[in-house]
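# Observations on the three-dimensional arrangement
What follows is the residue order along each chain.
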Amino acid sequence: METIPGKADVVVIGGGPAGSTAANLLAHRGYHVVLLDQARHPRLMVGESILPHIWKYMDQLGAAEDIEKAGFIKKAGGTAIWRGVIRQMRLADFGFVRPSLHVERAEFDEILLRVAERRGVQAFEEVVVRQVHVEGSEKSVSYADRRSGQEGRITCKFIVDASGQGAVIANQLGFREFDKDLRFMSVWGYYENSAYIAHGGSICEWGKRREIRPTTVQAGIGDWGWCWHIVQKESTSVGLVLAPAQAAEFKSGGDKLEERFDRACRRIPIIGDLLQEARFIPGSVHAIRDFAYRPTQLAGDGWFLAGDAAAFVDPINSAGVVTALYTGYAAASAVDESFKKPASRAYYTEVFSTLVRQRLSLFRISALPAGQNSFPEDNALALKCAQLDSRDEQELLFAQTQLTDRPGNLAPMHAMDPRLNYTSSTRYQEVPALIPLGAELQAAG
Amino acid sequence: MKTDVAIVGGGPGGTACAMFLEQAGIRSTIIEKAQFPRYHIGESMTGECGNCLRTLGLADEMVRRAHPVKWGVSVYGPGGKNPFYVPVKGRGPDGLFEASTWQVRRSDFDRMMLDAARSRGVGFIHGEAVEPLRDAESVTGVRVRTATGVVEDVVSSVVIDASGPSTFLSRSNLTSRKERGNYDNQVAIFSQVSGGVRDAGKTAGDTLIFYQKKHHWAWFIPLDDESVSIGVVVPTEYFASRKESKRDFLVRELHELNPELKRRVPEIRLTEEVRAISNYSYDTRHFTGKGYLAIGDSHRFIDPVFSFGLYFSIKEAEHAAAATAAYFKGLGRDDDNPFLGYEQRSNAGMDVVQELIDAFWNQPVAFAVMVHSRYTEDCIDMFAGRVYMDEPSPGLLAFRKVNGRIAPSPAIVGG
């Protein structure tokens, strides 16, 4: 067993996509990077629908080939069933040449971690970070090694906290603020042999998933709660994102969680149809608290937050992994620049905070239940980020908000800058009705 | 979900109301059960109806869509000769002026309205309004079953019923009972034909009405260069006594009802399914209250003869939006019924049209005299939809007199 060094240039907390990205880029630039993760990979994770934006990061991480080889399911786009209206969009229509994916996160995240190791990161799994020490010029991280039971401390110049919802630094320094506009709970599980929805509105059988690309399905279940349906290599992930009242009702059911979950999924219109021939996989149900939070601080002298450790919003726009990659990349850049120009480290910390806060605000606003923004000041922040997006990127975000019936979310930004491409899109369609499974066969036969 | 105003029905009344509300800065959500485009009857606009669309900024779009332009309506008597003509005219500070309005194919027009509303940020739910949500003193929203089967509560400060003949509020027992209207024992049988003979020139897009006898008449409304909406309205008993299919009945009537109509439709090439509606005349009172109000034929429908249906839906949408905007500013917050003023105004307007139609059916000779010579300008105003009067016009008073609703006064007798 390799021993954990007592000293490093950078300590990265967490081996998910944000941590692996930051660690990978810094190690590749020659810094000594130690990464600590409390879990042993592969490990369970939710957030399986991934936008095609990931590829520009995969290229820089040297991970593109590994991801391609993994054979993840390529998706066509999205189907949203919201307030009785079925809408679809295809990511290829927004200029993306490379596919968006449905990934088993355990596998996807492990690939990124192993690639990071290949590029020189010293990664240690099953090591829990107890505390960070960020006062003074020398930083350090105290840990407990679950393999040996030993405790230790690594001194370093910089800490990147990518510890996910555990949010080590934000919790320790006490500045995590829960977002009252987004207080959901997610319960999810896996099915074998589920039918799925293709672009164009046809329902397809499970066996066709590599021939006819599936769409990610998001079905509203009232009160801004919703259900996801994500076809993967060997199973289909189905999840319920429940609003507070729905969560309370769900928790109060008498029988086993699994039975309640399976019954609830099968009762959802359309999702229930897709699951008609599907088998629920016993033992596959998990639940997490999906309370969104926003940190009041994203970085300080010698430390940066990335991924879910920085902020978490409702997963409605499949932006979680892309945000993790972006914030990991931004943290690596800020650390690199600070090493190169130590006199300007305060400046790079500020730049990081500003850019990340703007990007997070945009993601948050686009995901809000329509018209429920308790932080209207976020609009001005998000605007700065939106203005840097391409016309296509702006239209994509608008189309995403259209799909799940929250177009008004972007309106305040558009009012501030009418040049934003936030008013219409012809790149999504309303589908009058889905074409049932076997409809073509019946017509032909 | 929450919205300021929930609107039941995505037809022209609902969509116009949503757009008038949007102009006042109020957010609304439309609940519509049908998949648009869908067929609908009621294709002709009054002059003031066209003005409502201009107020909504839709005039350019109406022109672009090349809807037939309507300059007036000709009403032919039983012999098919000497029609009386009521031009669409506007009224300005200097009196009446030349004006026109439109005829619309409702499947196209209604869809345009819904698209326009949605593109202006109005919320939309494809689904059916199941029932109003209520607390002890007020209506607080609508329970909806979406087209895909999810039941969702739409919580709103005001519910506007624009559901048309399905009369959502009345069905939910919020209004007083739905009473049969004056023209209830009637059936309308209608379709579209291609290639009807129109007037030459400017009036090619006009509405033609063919009168046979009391409660037995037909309409001819151009919908585009090719198609004409045609329909006959007859007493239900007469239709039943003929023992014909709707299609056979319509085809025969088109050639028997009036010689001028036969000349206008020499060959009957039907391009739409033949449809029929009966018992379409109704009236509900007390259609407003704390948290709710109804517009257009969601509370009352009189008679289709002078094409007021579409107008009332859209005009009352405008009035309802104004009343709602005032309510949001605090007006009538503590009243038992903050929308009583709106209700009274709506009733007053529809009562004027009721006078017009009653006089037409019951006193055709007196009616013709008044339209032609005695109160021509007042009649033009009423036909155009200028029926929301502070003081009754002399023409209206004359109709009331003819209908026996007021005693003759010296001024009118002498006039």
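Residues numbered from 1 in each chain as written. Chains lettered and ligands numbered in written order. Predicted model: local features only at pLDDT ≥ 70, side-chain atom pairs only at ≥ 80, totals over all residues. Heavy atoms only, no water.

The next subject is the overall build of chain B. The helix and strand inventory of chain B stands at 14 helices and 21 strands. Computed over C-alpha atoms, the radius of gyration of chain B comes to 21 Å, within 12% of the 22 Å expected from 2.2 N^0.38 for 415 residues, which places it in the range of a compact globule. Its C-alpha atoms put chain B at 60 × 55 × 45 Å along the principal axes. Scored against the burial criterion, the 415 residues of chain B give a buried share of 58%. Here the contacts in chain B between residues at least 6 apart in sequence split such that 71% fall between residues at least 24 apart. Accessible surface, chain B as shown: approximately 16,700 Å² in total, 50% of it carbon and sulfur. (Helix = DSSP H or I, 4+ residues; strand = E, 2+ residues; numbered from the N terminus. Rg over C-alpha atoms; globule rule 2.2 N^0.38 Å. Buried < 20%, exposed > 50% of the residue type's maximum accessible area, 1.4 Å probe, protein only. Contact = heavy atoms within 4.5 Å. Areas by Shrake-Rupley, 256 points an atom, 1.4 Å probe, with all protein chains shown as cover.)

Applying the stated rule across the entire model yields four cavities of 30 Å³ or more. Roughly 150 Å³ of internal volume is contained in the largest cavity. What lines the largest cavity is a set of 16 residues, among which Gly 78, Met 89, Gln 218, Ser 318 and Gln 400 of chain A lie closest to the centre. With three residues, strand 5 (residues 77–82) of chain A is the single largest residue contributor to the lining of the largest cavity. Counted as a void, the second largest cavity has a volume near 120 Å³. When residues of the lining of the second largest cavity are traced back to their parent elements, those giving at least two are strand 5 (84–87) and helix 12 (376–384) of chain B. Ranked by residue count, the leading element in the lining of the second largest cavity is helix 12 of chain B, at three residues. Partitioning the lining of the second largest cavity into residue classes produces ten nonpolar, four polar and two charged. (1 Å grid on protein atoms, 1.4 Å probe; cavity = no way out; pocket = protein on both sides within 12 Å on 5 of 7 lines; lining within 4 Å. Points joined across faces, edges and corners; volume = space filled by probe spheres on them. Nonpolar A, V, L, I, M, F, W, Y, C, P; charged D, E, K, R; others polar.)

Glancing now at the sheet that holds strand 21 (residues 300–301) of chain B. All names here are of chain B. One open sheet holds the three strands; their spatial order is 12-18-21, and the pairing between them is antiparallel. With partners counted over all chains shown, the strands left at the sheet margins are strand 12 (178–180) and strand 21, one partner each. Taken together, the three bridges between strand 12 and strand 18 (residues 282–284) define a ladder with antiparallel strand orientation. In the sheet register, Lys 178 faces strand 18, and the bridge partner there is Thr 284. (Pairing = 2+ DSSP bridges.)

This part is about the packing of helix 9 (residues 320–340) of chain A against helix 10 (residues 345–367) of chain A. Residue and element names in this part refer to chain A. Running from N to C, helix 9 and helix 10 point in directions that differ by 170 degrees, and their axes come no closer than 9 Å. In terms of axis orientation, helix 9 runs roughly antiparallel to helix 10. Side by side, helix 9 and helix 10 meet where Thr 323, Tyr 326, Thr 327, Ala 330, Ala 331, Ala 334, Glu 337 and Ser 338 of the first sit next to Arg 345, Tyr 348, Phe 352, Leu 355, Val 356, Arg 359, Leu 360 and Phe 363 of the second. (Axes fitted to C-alpha atoms, helices over the stretch in contact; angles between N-to-C directions. Parallel < 35°, antiparallel > 145°, perpendicular 65-115°, else oblique.)

On to the side chain of Ser 107 of chain B, then. Residues and elements named next belong to chain B. Within the secondary structure layout, Ser 107 lies in helix 4 (residues 106–119). Judged by its relative accessible area of 19%, Ser 107 is buried. Apart from residues no more than four positions distant in its own chain, Ser 107 is found in contact with Pro 37 and Arg 38.

For the rest of this paragraph, the subject is the domain arrangement of chain B. Residues and elements named next belong to chain B. Taken domain by domain, chain B consists of domain 1 (2–58 + 105–181 + 281–347) and domain 2 (186–278). The distance between the C-alpha centroids of domain 1 and domain 2 comes to 30 Å. Taken together, the contacts link eight residues of domain 1 with 15 residues of domain 2. Surface buried jointly by domain 1 and domain 2 totals about 1,100 Å² across both partners, of which 59% is contributed by carbon and sulfur atoms. (Domains from an automatic or database assignment. Buried area = accessible area lost by both parts, 1.4 Å probe.)

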